[in-house]
Structure formats: structure tokens, C-alpha cells
Amino acid sequence: MMRTCYLVVVLTMLSAVSLVLLPNAAPVRGDDVGPEAGPMKGAAKMPEEGVRVVERPMAPAAEHPVMPALRWAYQGLKQMDSIQDYSCTFIKRERINGELGERQYISAKIRHQPFSVYMQFVGPESLKGQEAIYVDGANDGKMLAHGTGIRALVGTVSLHPTSALAMQGNKYPITDVGMLNLAKKLIEVGENDAQYGECEVTFYKNAKINERSCTCMQFVHPVPRKEFRYHLARIFVDNEMNLPVRYEAYDWPSEE
């Protein structure tokens, strides 16, 4: 089964991540995304009110507020296993070593079994035409990459996915690409959060992604602690497809 979709990744803060998966729609640019901006402009819209669940330390027998979201994620993971492959437009912007880079636009094809990724840059001009392919269990665990311009003179090179050259200009390796990998990592984060308190969870039933109806789950850790990986995170689930179509995570602000 082939599913065609658009996947957008934007990192707008020190540890901010936004992913959008849109079926048969124009790619989202991801401008002006951030928790401080209120309702997000353009593609994502959140309703003003939501159903809020707050962890209460004085009630240890009560269920942790992330558990409803985790149960939903476990079911969604089973559904995603039925998706064999899909193509997408992958847009990312990352802050690496304090420097916010420009947006990169990548045409990608992803297969779940065996896990395989093909990526070709379509923008910006400095990267246009560069290609990379990774197939789990092939090429001695390495990815094959082909550059453009002066790099094209080298031809196709074989690189370990986490080597310095492969990670140049990237915060995450090619082996982390795809919505199934994203869902698994979100579950890991949720299971970690379920071990601690200080977690506020709000469900927004009428959120929108490019006017598609979604349910947004918002998670907040008010105080920075070593146990937590984010200050605020949002997961949008398309109500028709029952698939996660957008993910955002933000670090604690450096000032009030």
C-alpha cells in the first residue's frame, strides 16, 4: 500500500521541533511557530479551550495524566504497522550549536520493512540535487550519499549514518526519519514522563491542521528538571486518519 503525504519538520527554538504530515496538501512552511505566539499561524490552529488533566502529587493512586495519551499512542502504533511505505516532502530547520540554519526542502520516500529511506534535496539552491539512501541491513549498515557541485566530483560515498560527515548540518541521523520512528520516540518520552509528577496535560478536540480536524494533546512541565526533555510539547492527531500529523517540542525559555 502506498500513501502519499507531506511531512514538514521545523526547529524554531533551541530544542524546538515541529512535524506536520498532511495528505494531498501543499507543504506547510512552518513560519511563526512557537508557544509564545499563541494560536499558530497558517497551518495549525488551536481552539481557545481544552479539557485539562493535571498530575496531583497528593493523590498517588490516581492515574498519571499522560496515560490516556499513551494508550492512544499504543493503538496508533499498531495502525502504522499496516502502512508499508509512503512518499513525502520533508521540511526541516534546525538550531545546531546555537545557530539557526535555513529551511531545507527534501523529497523523501520511506519504507517500513525493511526500514529504508531515500532523500533528495529540492532546496535551498546550495543543497539542491544532493541525495542519500539508507536500507536497514544493506551496505554494511552505511548510507550512500551523492553530492552536487564540487562534491559531485567525489562521486557516491559510503558513510555511517552517525559519522561526522553524515551528521554535518544535521541534528538527527537518517535512521530517525519517518512517522513510525517519531511515534516510537514520543511513546518513550511519554513513558518517561509517567514516572514523575509536575505534568499538565490538555486535550483540544477541535484543533486544525490546514483546516483538517485534529485532536491536539498539549503537555507542559512548568519547572525545568533533569528528568524532563521539554517544557512544552504538542501532538496533533488527524481525526480521520487517526495518525499523528504534527509534533512540536520546546525547551524552557531563557527568560520570562
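Whatever comes next refers back to the structure up there.
Here's what I pulled together on the structure shown here. (Residues numbered from 1 in each chain as written. Predicted model: local features only at pLDDT ≥ 70, side-chain atom pairs only at ≥ 80, totals over all residues. Heavy atoms only, no water.)

1. A look at the overall build of the protein chain
- Broken down by element type, the protein chain carries 2 helices and 17 strands.
- Burial statistics for the protein chain: of 256 residues in total, 46% are counted as buried.
- Accessible area for the protein chain stands at about 13,500 Å²; split by element, carbon and sulfur atoms hold 53% of it. (Helix = DSSP H or I, 4+ residues; strand = E, 2+ residues; numbered from the N terminus. Buried < 20%, exposed > 50% of the residue type's maximum accessible area, 1.4 Å probe, protein only. Areas by Shrake-Rupley, 256 points an atom, 1.4 Å probe, with all protein chains shown as cover.)

2. Looking at the packing of aromatic side chains
- Under the criterion given, the structure shown has 2 aromatic pairs.
- With centroids separated by 6.3 Å and ring planes inclined at 55 degrees, the aromatic side chains of phenylalanine 115 and tyrosine 134 adopt a geometry described as tilted. Remark: tyrosine 134 occurs in strand β11 (residues 131–135) and phenylalanine 115 occurs in the loop between β9 (104–111) and β10 (116–123); sequence separation between them is 19 residues.
- You can call tyrosine 134 buried: its relative accessible area is 7%.
- For the ring pair tyrosine 196 and phenylalanine 228, a centre distance of 6.1 Å and an interplane angle of 90 degrees mean the geometry is edge-to-face. With a gap of 32 residues between them, tyrosine 196 in the loop between α2 (179–193) and β14 (200–209) and phenylalanine 228 in the loop between β15 (212–220) and β16 (232–238) connect regions that are remote in the sequence.
- For phenylalanine 228, a relative accessible area of 7% corresponds to the buried category. (Phe/Tyr/Trp six-rings, centres within 6.5 Å; stacked < 30°, edge-to-face > 60°.)

3. Observations concerning helix α1 (residues 67–80)
- With 14 residues, α1 should cover 20 Å at 1.5 Å per step; its first-to-last C-alpha distance of 20 Å lies within 8% of that length.
- Taken together, the buried positions of α1 are Ala69, Leu70, Gly76, Leu77 and Met80. The buried residues of α1 occupy one face: seen down the axis, they fall within an arc of 120 degrees.
- Looking at the packing, one finds that the buried side of α1 touches α2, β14, β15 and β17 (244–250). (Expected span 1.5 Å × (residues − 1). Arc of directions from axis to C-beta. Contact = heavy atoms within 4.5 Å.)

4. Remarks on the side chain of histidine 64
- Mapped onto the fold, histidine 64 is located in the loop between β5 (51–54) and α1.
- A polar side-chain atom of histidine 64 sits 2.6 Å from the main-chain carbonyl oxygen of tyrosine 196. (Polar contact = N/O pair within 3.5 Å; in protein donor to acceptor, adjacent residues only side chain to side chain.)

5. Description of unusual backbone geometry
- Backbone torsion omega between glutamine 113 and proline 114 reads -15 degrees, so that peptide bond is classified as cis.
- As for its position among the elements, proline 114 is in the loop between β9 and β10.
- The omega torsion of the bond from glycine 123 to proline 124 falls at 0 degrees, within 30 degrees of zero and hence cis.
- The residue proline 124 is located in the loop between β10 and β11 in this model.
- Non-glycine residue asparagine 139 carries a positive phi angle of around 55 degrees.
- Structurally, the position occupied by asparagine 139 is in the loop between β11 and β12 (143–146).
- Take asparagine 139: its relative accessible area is 38%, and that puts it in the partly exposed class.
- The phi angle at asparagine 242 is positive, at roughly 55 degrees, despite the residue not being glycine.
- Tracing the backbone through its elements, the reader meets asparagine 242 in the loop between β16 and β17.
- Classification of asparagine 242 by relative accessible area gives partly exposed; the value is 27%.

6. Regarding α2
- In a regular helix each residue adds 1.5 Å, so 15 residues correspond to 21 Å; α2 covers 21 Å between its end C-alpha atoms and thus fits that length.
- Of all 15 residues in α2, 11 are buried; the element is thus mostly enclosed.
- Every buried residue of α2 is listed here: Met179, Leu180, Asn181, Leu182, Ala183, Leu186, Ile187, Val189, Gly190, Asn192 and Asp193.

7. Focus: the nonpolar core
- Counting residues in each nonpolar core, the largest one holds 54 residues, and the members touching the most others are Met119, Met143, Ile174, Phe219 and Phe236.
- A per-element tally of this core places α2 first, with 7 residues.
- Residues contacting isoleucine 174, with those up to four places away along its chain left out, are Phe115, Val117, Met119, Ala132, Tyr134, Met143 and Pro161. (Core = buried A, V, L, I, M, F, W, Y, C linked by side-chain atoms within 4.5 Å.)

8. A short note on the side chain of glutamine 104
- Structurally, the position occupied by glutamine 104 is in strand β9.
- Ignoring anything within four residues of it in the chain, the contact list for glutamine 104 reads Phe90, Ile91, Lys92, Phe121, Gly123, Pro124, Leu127, Gly169 and Asn170.

9. Things to note about the environment of tyrosine 74
- Within the fold, tyrosine 74 resides in helix α1.
- Of the residues examined, tyrosine 74 reaches a relative accessible area of 34% and is grouped as partly exposed.
- It is 9.1 Å that separates the C-alpha atoms of tyrosine 74 and lysine 184, two residues lying 110 residues apart in sequence.
- The contact partners of tyrosine 74, leaving out residues within four places of it in the chain, are Ile187 and Glu191.
- In this structure the side chain of tyrosine 74 is engaged in a polar contact, spanning 2.7 Å, whose partner is the side chain of glutamate 191.

Just distances and angles here, no functional claims.
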